[in-house]
Amino acid sequence: MTMIFGYPLPALLSQLLIGLINGSFYAMLSLGLAVIFGMLRVINFAHGAQYMLGAFFAWFLLRYFEVGYWPSLILAPLGVALISVVLEKVFLSRVYKLDHLYGLLLTFGLALIIEGMFRHWYGTSGQPYSIPSVFTGALNLGFMILPIYRGWVIVASLVICLATWLLIEKTQFGAYLRAATENPTLVQSFGVNVPRLLTLTYALGAGLAALAGVLAAPIYQVSPLMGQNIIIVVFAVVVIGGMGSILGAVVTGYMLGLVEGLTKVFYPEASSTVIFVIMVVVLLLRPAGLFGKE
Amino acid sequence: MTEPLLEVKGLQAWYGESHVLHGVDLTVHKGETVTLLGRNGAGKTTTLKSIIGVIRKRQGQISLKGTNILPLPLHHVAKRGLGYVPEERGIFASLDVHENLMLPPKVAEGGFSLDEIYTLFPNLAERRRSQGTKLSGGEQQMLAIARILRTGADVLLLDEPTEGLAPVIVQRIGDVIRALKEKGMTILLVEQNFRFARRVADRFYVMEDGHMIDSFRADELAGRMDSLHETLGL
Ligand SMILES: Nc1ncnc2c1ncn2[C@@H]1O[C@H](COP(=O)(O)OP(=O)(O)OP(=O)(O)O)[C@@H](O)[C@H]1O
Ligand SMILES: [Mg+2]
């Protein structure tokens, strides 16, 4: 058997693949956070709750309306985006003029309320969500058996990240976003409805979280705690990548997923803390993050 | 004379607690170029910002084409044909030249086409893929004016377009403003360089400490030179 640094190659590759799957979720979630932060200057602590809501939305649709995975992939993000429009209009839009801290506290409060309600209704145990039939089964890659659904998650997340990047870098809507990030008042004086742009951006970021939630449902089960578990890691990813950097968020997301996977092979005890160690080091050496502007 | 296109009456404005405009009156008729003169800190920029609505703490009346625009949300004002080129130009660093140019939405028919703009400003055409803020000061000023021309706005507020620019560029901007006049644009121009202003202006207003202290026609300028030199401290 091929060995690398004394470890069997198949074990290494399969941990890398698992890392890539986790990284796919880190990337999608930190992307949404970066989009929201770039434009609204709000650190959206409700992001984990919105991810969880996306998964629950899909679960409700399946359980009560027999609406399956594919429609849910569109309907759940739309539903969560709509809820987020209301949250932005009723709550968030009132704190933009205040210190960033208020946005963080507000969204933190919203996350506690939303997650608290779901915990009250559904307890802490997860609800299963079955894998769509086209993706059942597994692929024998030689070094490991890859469940097809997980392969799909990697592909889907790459497509989602690329599409979001194109939206922001190559479209007129994206040009409004980038310009309004620099000087919202001037953009508004040109006749662009900037308050609505802020609402749409928040909805877009939340919708991305929900989409990640639907993708996650068949893998991790649908549980009120699923957002809490992942969101702290995702915040670390955003800090490491650099607040507000779209590209930074995506690249760092995948990269840290891989690093976590590698750590599981070489030093399993540290696999759940390695990201935070990196965060501390980055904060010390390059506080603006790997991709942030100094 | 026709109905004024832009009429400002008793305009007051504040930055926080600090009261900066104390009742400014001015009118601009269709097709006119009107120049606002005044020393540094007289309140010229504040007047333009209050008209477009970038400054929200205001009182008085601002009527554009017969509607009071003061209560309107900022993004509704541009749609009535008011284009604003700020003193600091406001070119976006995260957008390239072409994206900067295409940023403001069209507000009316009759704006300059992209071809016309690139003919009028060949420098911009050459550098269309450069980052907006990598342009020279003069090019940025051209870009700031050009992007408003695209929108079809017919009333322009230009805040010191010649500030800090070399004489050749100033000349060029003078040509552009005269071309706009010929197209029938209505222009309210803030300028300290009145050698430049006299080439384009039909009328002048003079501001001091947030008040209008004088106004006169272009042909009266020669007789006012001495008093102007004194008020403007030139
Ligand atoms: N953001 C601000 N906050 C507080 N006061 C301000 C602000 N901007 C301008 N002022 C004050 O308002 C007054 C008028 O300023 P304004 O910028 O309108 O002058 P200006 O005539 O355009 O001068 P300049 O020729 O230097 O551009 C000045 O006393 C200035 O100090
Ligand atoms: Mg000024």
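Residues numbered from 1 in each chain as written. Chains lettered and ligands numbered in written order. Predicted model: local features only at pLDDT ≥ 70, side-chain atom pairs only at ≥ 80, totals over all residues. Heavy atoms only, no water.

## Looking at a nonpolar patch on the surface
Residues and elements named next belong to chain A. What counts here: Within this analysis, patches are made of residues with over 30% relative accessible area and no salt bridge. Like charges are joined at 9 Å or less; nonpolar side chains (Val, Leu, Ile, Met, Phe, Trp, Tyr) at 5 Å or less. The method behind every accessible area is Shrake-Rupley, applied with a 1.4 Å probe, and residues are considered shielded solely by the protein chains displayed. Take a side-chain nitrogen of Lys or Arg and a carboxyl oxygen of Asp or Glu: if they are within 4 Å of each other, that pair is a salt bridge. Numbered from the N terminus, helices here are DSSP runs of H or I no shorter than four residues, and strands are runs of E no shorter than two.
A cluster of nonpolar side chains, Leu 162, Trp 165, Leu 166, Leu 247, Val 251, Met 255, Leu 290 and Phe 291, forms an exposed patch at the surface whose accessible area comes to about 660 Å². Those elements giving two or more residues to the nonpolar patch turn out to be α5 (148-170) and α10 (246-266). Within the secondary structure layout, Leu 162 lies in helix α5.

## Considerations on the site of ligand 1
Residues and elements named next belong to chain B. Rule in force here: We call a residue near a molecule or strand when any one of its heavy atoms sits within 4 Å of it. Identification of polar contacts relies on pairs of N or O atoms within 3.5 Å, with a donor-acceptor requirement for protein atoms, meaning one able to donate a hydrogen and the other able to accept it, and with residues adjacent in sequence counted only if both atoms are side-chain atoms. Residues were grouped as follows: Ala, Val, Leu, Ile, Met, Phe, Trp, Tyr, Cys and Pro as nonpolar; Asp, Glu, Lys and Arg as charged; and all remaining residues, including Gly, as polar.
Neighbouring ligand 1 are 13 residues, the closest being Asn 40, Gly 41, Lys 44, Thr 45 and Thr 46. Contact between ligand 1 and Lys 44: an oxygen atom at 2.7 Å from a side-chain N or O atom of the residue. Here an oxygen atom of ligand 1 sits 2.4 Å away from a polar atom, N or O, in the side chain of Thr 46. Protein contact buries 60% of the 640 Å² of open area that ligand 1 shows by itself. Ranked by residue count, the leading element in the shell around ligand 1 is helix α1 (residues 44-52), at 3 residues. For the shell around ligand 1, a count of residues per class yields 3 nonpolar, 6 polar and 4 charged.

## Remarks on the sheet that holds strand β3 (residues 33-38) of chain B
Residues and elements named next belong to chain B. Here is the rule we go by: Any two strands between which DSSP finds at least two bridges are classified as paired. Where helices are involved, their axes are fitted lines through C-alpha atoms of the stretch in contact, as for all axes, and angles between N-to-C directions lie from 0 to 180°. In what follows, residue pairs with any heavy atoms lying within 4.5 Å of each other are defined as contacts.
The mixed open sheet is built from 6 strands, whose spatial order is β6-β7-β8-β3-β9-β10. A strand with exactly one partner marks an edge of an open sheet, and here the two such strands are β6 (82-85) and β10 (211-217). If you compare each strand with its neighbour and ignore which way they point, the axes differ by 15° on average. Of the strands in this sheet, β3, β9 (203-208) and β10 touch helix α9 (residues 221-232), which is tilted by about 160° from β10.

## A word on the interface of chain B and chain A
As a reminder of what qualifies: As used here, buried area is the combined drop in accessible area, with a 1.4 Å probe, of two parts when they are placed together.
Between chain B and chain A, the residue contacts involve 21 residues of the former and 18 residues of the latter. Overall, the association of chain B and chain A removes approximately 1700 Å² of surface from exposure, summing both partners, and the carbon and sulfur fraction of that is 65%. A per-residue breakdown of the area chain B buries against chain A is headed by B:His75, B:Phe92 and B:Leu103, which together make up 34% of the total. Summed over the shared surface of chain B and chain A, the result is 1 salt bridge. We note a salt bridge from B:Glu99 to A:Arg178, for which the minimum N-O separation is 3.0 Å.

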